[in-house]
Structure formats: C-alpha cells, structure tokens
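Per-entry structural report
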Amino acid sequence: MIRRHFAGALALAALAGASIGPASAQDEKYTIALIPGLTTDAFYITMHKGAQAAADALGVELVFQGAPDFNPTLQVPVLQAVIARQPDALLIAPTDKQQLIAPLQQAVDAGIKVITVDTFIDDGQYQDGSGPGDFPLSYVASDNVMGGKMAARALAEAIGGKGKVYVSNVKPGISTTDQREEGFKQGMEEFPDIEVLETQFNDNDANKASSQLQAVFARNQDLAGVFGANLFSAFGAADGVKAAGKTGEIKVVAFDTPTRIIDDLKSGSVDFAIAQHPAEIGYYGVMTAYAALTGQSVPTTIGTGFTVMTKDNIDDPEIQRFVYSD
Ligand code: T6T
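Values in this document were obtained by computation on a predicted structure and should not be read as measured data.

This next bit is on the overall build of the chain. From N to C terminus, the chain includes eleven helices and 13 strands. Here the C-alpha radius of gyration of the chain, 22 Å, is about what a compact globule of 326 residues would show, namely 20 Å. In the chain, once contacts between residues fewer than 6 apart in sequence are set aside, the share between residues at least 24 apart is 72%. Looking at the chain as shown, the accessible area adds up to about 13,400 Å², and 51% of this sits on carbon and sulfur atoms. Averaging the coordinates of the 23 positive side-chain charges in the chain and doing the same for the 39 negative ones gives two points 3 Å apart.

Right, dumping it as structure tokens:
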C-alpha cells in the first residue's frame with residue numbers, strides 16, 4: 001500500500017533532515033484488488049481480463065482474489081484477507097446488497113478506496129449522504145433493469161405475445177439479478193396476454209434450474225417461455241427445455257454469453273441472448289480507481305453496454321468479440 005511506503009519515506013526524510021514533497025503519481029505503483037462474485041464464472045473471468053488490460057496500461061498492480069461460489073459467507077473472509085493486504089483501492093462485486101455493507105465499511109476505515117463493479121450494496125445510490133451503504137465512490141455496471149426489459153420484449157416477441165412464462169433466477173438479495181427480474185416484470189406489463197408465473201430460485205445451480213423448468217412444465221403444459229436471468233440460470237433453462245423434449249417450442253432468453261450459450265443459439269436451444277460487457281466493467285473499474293487514487297473526482301455511476309446475440313448475427317466478428325472468455 002502506497003500510504004505506508006510514503007509514511008516510511010517521510011520518516012526517513014525527517015531523520016536525514018531532508019524535505020520531500022508528495023510523490024508524483026508516476027513515482028507510485030498502486031495496488032488495486034478485484035474481488036469477483038465468484039472466480040469460476042466466465043463473466044468474472046472476462047471482467048478480470050479487462051481489468052488487467054487497464055492495469056497494464058496504467059502500470060498498476062492488479063490482485064484478483066475471490067471465492068469459488070457466489071455467496072456472502074464465502075466472500076466476506078476473502079474480503080477480510082484482501083483488506084489485510086492493504087491495497088490502495090478495491091473493486092468488488094458484492095454478493096449481497098446488505099451483508100457486504102459492514103465488511104466494506106471496514107475497508108474504507110482502513111483507508112482503501114472502494115468501488116463496486118457489476119453488483120451494488122444498499123440501494124446502489126452512492127455518495128448521496130443517505131443510507132448505511134452510500135460510501136463506495138462509484139458503481140460500474142450494466143443497466144440491469146433495462147436488460148430485464150430487453151429480455152421481456154425479446155421473449156414476448158418469440159412467443160407471439162401470449163402464453164405463460166417465468167424467470168429462472170439465482171436468489172433474492174443480489175442487486176443485478178433482482179433488477180433483471182424487476183425489469184422483466186415491468187417489460188411484461190406491456191403484454192396483457194402473457195402470464196408471468198412465480199420466479200424459481202436456483203442458487204446459481206444449473207442442475208437445479210433444469211429440474212425446476214421440468215417441474216414448472218409438468219404443472220403448466222402450455223408453458224411458452226423462460227428467462228434465464230444469469231449464466232447458470234440460462235444453462236439450466238436450456239437444459240430443462242431439452243430434458244422436457246421441448247427445444248424450440250418453449251422459448252429461452254438468456255442473460256450472459258459464455259461460449260456454451262453461443263452453441264445453444266446455433267442449435268436452437270436458446271433463442272435470444274443478452275451479452276453484458278464484463279471486460280468493459282473491469283477496464284473502467286480500474287480506470288475509475290486510478291482516477292480516484294490520483295485525486296480526480298469520479299462519477300458515482302458508470303453504465304456499460306449490452307450486445308444482443310441471436311442465431312442470425314452470431315457469426316459476425318463485431319458480435320463475437322462480446323462472447324465471454326471461459
Ligand atoms: O450475470 C452475471 C453477473 O452480472 C451477476 O451479478 C451474477 O451472475 C453472473 O456472474 C453470471 O453468472
């Protein structure tokens with residue numbers, strides 16, 4: 001951590017009777033940590049690459065450390081270990097809106113600049129003087145409500161504007177997937193002949209999501225479509241439709257685009273996929289941290305883009321560049 005080195009330099013200078021000014025940004029090698037939601041997810045692997053590209057361009061050290069599951073119980077000890085390493089700034093995808101507030105306050109108390117990427121804590125409105133979790137400097141992410149609305153319109157079109165659908169989701173309390181579900185339900189209000197059934201929560205377990213699809217279909221033989229609200233939910237939705245023998249009949253809209261989803265688009269197991277731009281999130285996360293560390297003011301929210309993928313456009317290299325790295 002630079003503050004410690006700088007304090008050490010001041011002490012040495014005082015001993016030598018020398019006077020030194022503040023070190024310039026160029027003299028300092030900052031350390032920025034990135035804690036993903038989980039380490040083995042293509043979305044965060046791609047975010048790491050974007051973050052590394054920015055770190056290399058800026059000459060800062062990037063530390064990537066995370067847990068194997070998307071779970072606050074596992075993420076908090078990782079966060080505490082990272083705080084103990086005293087990075088200058090921390091980028092984190094908090095795995096729960098409430099449970100990460102107090103542990104992240106400890107990072108701020110330790111003098112670390114905190115920015116959240118992908119997910120947010122509290123209400124996601126930072127630096128507005130309200131709420132216990134307004135202290136992060138910035139939130140760099142997709143517009144997940146809009147993404148949910150895009151999914152609703154695509155699914156409505158795929159099923160001809162009528163029929164039963166549901167959301168396959170992770171678990172309540174995660175900002176991104178909560179907002180996608182919210183946006184999806186808002187979007188579906190434009191389609192009075194579509195019935196949105198109860199959301200099924202799969203805990204990021206694609207097998208569970210697949211079994212849930214089959215159970216919903218067993219109860220609703222006229223099920224028309226499903227929205228898989230993240231990578232594992234989408235895998236499970238496509239697998240469940242296949243296991244029910246309904247590929248092509250029950251329509252699937254997927255959020256997130258690892259290579260398997262591209263294969264599913266080509267084979268017709270998935271009808272429409274929404275790619276986030278995780279590399280962009282990582283890149284601008286590091287840039288924002290660097291700006292804050294070098295005394296610039298930073299925007300409290302930075303929105304990144306989406307790319308829509310279908311069977312018809314997936315071979316276009318301009319679209320392909322947004323397929324996640326596995
Ligand atoms: O959809 C992404 C991420 O945006 C979300 O917060 C959690 O799930 C993913 O990592 C995909 O698995």
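So, next bit.
Within the largest apolar cluster, 58 residues are counted, with the highest numbers of intra-cluster contacts made by I32, L91, V117, L223, V286 and M309. Here this core spans two domains, since at least three of its residues come from each of domain 1 (7-142 + 276-305) and domain 2 (144-275). Not counting chain neighbours up to four residues away, the residues in contact with L223 comprise K164, V165, Y166, L197, L213, V216, F217 and I250. Within the second largest apolar cluster, 23 residues are counted, among which are I83, I101, I112 and V114.

For the rest of this paragraph, the subject is the domain arrangement of the chain. You can read the domains of the chain as domain 1 (7-142 + 276-305) and domain 2 (144-275). Spacing between the C-alpha centres of domain 1 and domain 2 amounts to 32 Å. If you look at the interface, domain 1 gives 17 residues, while domain 2 gives 17 residues. In total, about 1,200 Å² of surface goes out of reach between domain 1 and domain 2, with carbon and sulfur atoms giving 51% of it. It is F70, K97 and Q276 that lose the most area in domain 1 upon contact with domain 2, and together they represent 43% of the buried surface on that side. At the boundary of domain 1 and domain 2, one finds one salt bridge. One salt bridge connects D178 with K97, and the closest N-O pair in it is separated by 2.8 Å. The residue makeup of the side of domain 1 that touches domain 2, split by class, is six nonpolar, seven polar and four charged.

The next thing to look at is the packing of aromatic side chains. Using the criterion set out here, one finds ten aromatic pairs in the structure. Ring centres of F184 and F227 lie 5.1 Å apart, and the angle between their planes is 20°; this geometry places the pair in the stacked category. Here the residue F184 occupies a position in helix α6 (residues 175-188), and F227 occupies one in strand β9 (residues 223-228), the gap between them amounting to 43 residues. By relative accessible area, F227 is classed as buried at 0%. Aromatic rings pair up to connect F184, F227, F255 and F306 into one cluster.

This part covers the site of the ligand. Residues in close proximity to the ligand total 13 residues, the closest being D41, D118, T176, R180 and D256. Within the side chain of D256, a nitrogen or oxygen atom sits 2.5 Å from an oxygen atom of the ligand. Against a free-state accessible area of 300 Å², the protein chains account for coverage of 99% of the ligand. When contributions to the shell around the ligand are tallied by element, the ones reaching two or more residues are α2 (42-58), α6 and α8 (231-243). Among the residues forming the shell around the ligand, the class breakdown is five nonpolar, four polar and four charged.

On to the environment of G303. Counting through the fold element by element, G303 comes out in strand β12 (residues 301-304). The class of G303 is exposed, set by a relative accessible area of 64%. Considered as a pair, G303 and D315 are twelve residues apart in the sequence and their alpha carbons are 26 Å apart.

A separate point is the pairing of strand β4 (residues 113-117). Among the five residues of β4, four are classified as buried, and the element is accordingly described as predominantly covered. The sheet contact formed by strand β3 (residues 89-92) and β4 spans four bridges and is parallel. By the bridge assignment, L90 is partnered in β4 with V114. A crossover links β3 with its parallel partner β4, the connecting element being helix α4 (residues 101-109), and its sense is right-handed. Note that β4 and strand β5 (residues 138-142) share three bridges and pair parallel. Bridge pairing in β5 links T116 to Y139.

About the thresholds
Residues numbered from 1 in each chain as written. Predicted model: local features only at pLDDT ≥ 70, side-chain atom pairs only at ≥ 80, totals over all residues. Heavy atoms only, no water. Helix = DSSP H or I, 4+ residues; strand = E, 2+ residues; numbered from the N terminus. Rg over C-alpha atoms; globule rule 2.2 N^0.38 Å. Contact = heavy atoms within 4.5 Å. Areas by Shrake-Rupley, 256 points an atom, 1.4 Å probe, with all protein chains shown as cover. Lys, Arg positive; Asp, Glu negative; His and termini not counted. Charge placed at Lys NZ, Arg CZ, Asp CG, Glu CD. Core = buried A, V, L, I, M, F, W, Y, C linked by side-chain atoms within 4.5 Å. Buried < 20%, exposed > 50% of the residue type's maximum accessible area, 1.4 Å probe, protein only. Domains from an automatic or database assignment. Buried area = accessible area lost by both parts, 1.4 Å probe. Salt bridge = Lys/Arg side-chain N within 4 Å of Asp/Glu carboxyl O. Nonpolar A, V, L, I, M, F, W, Y, C, P; charged D, E, K, R; others polar. Phe/Tyr/Trp six-rings, centres within 6.5 Å; stacked < 30°, edge-to-face > 60°. Near = heavy atom within 4 Å. Polar contact = N/O pair within 3.5 Å; in protein donor to acceptor, adjacent residues only side chain to side chain. Pairing = 2+ DSSP bridges. Right-handed = clockwise from strand over helix to strand, strands pointing away.

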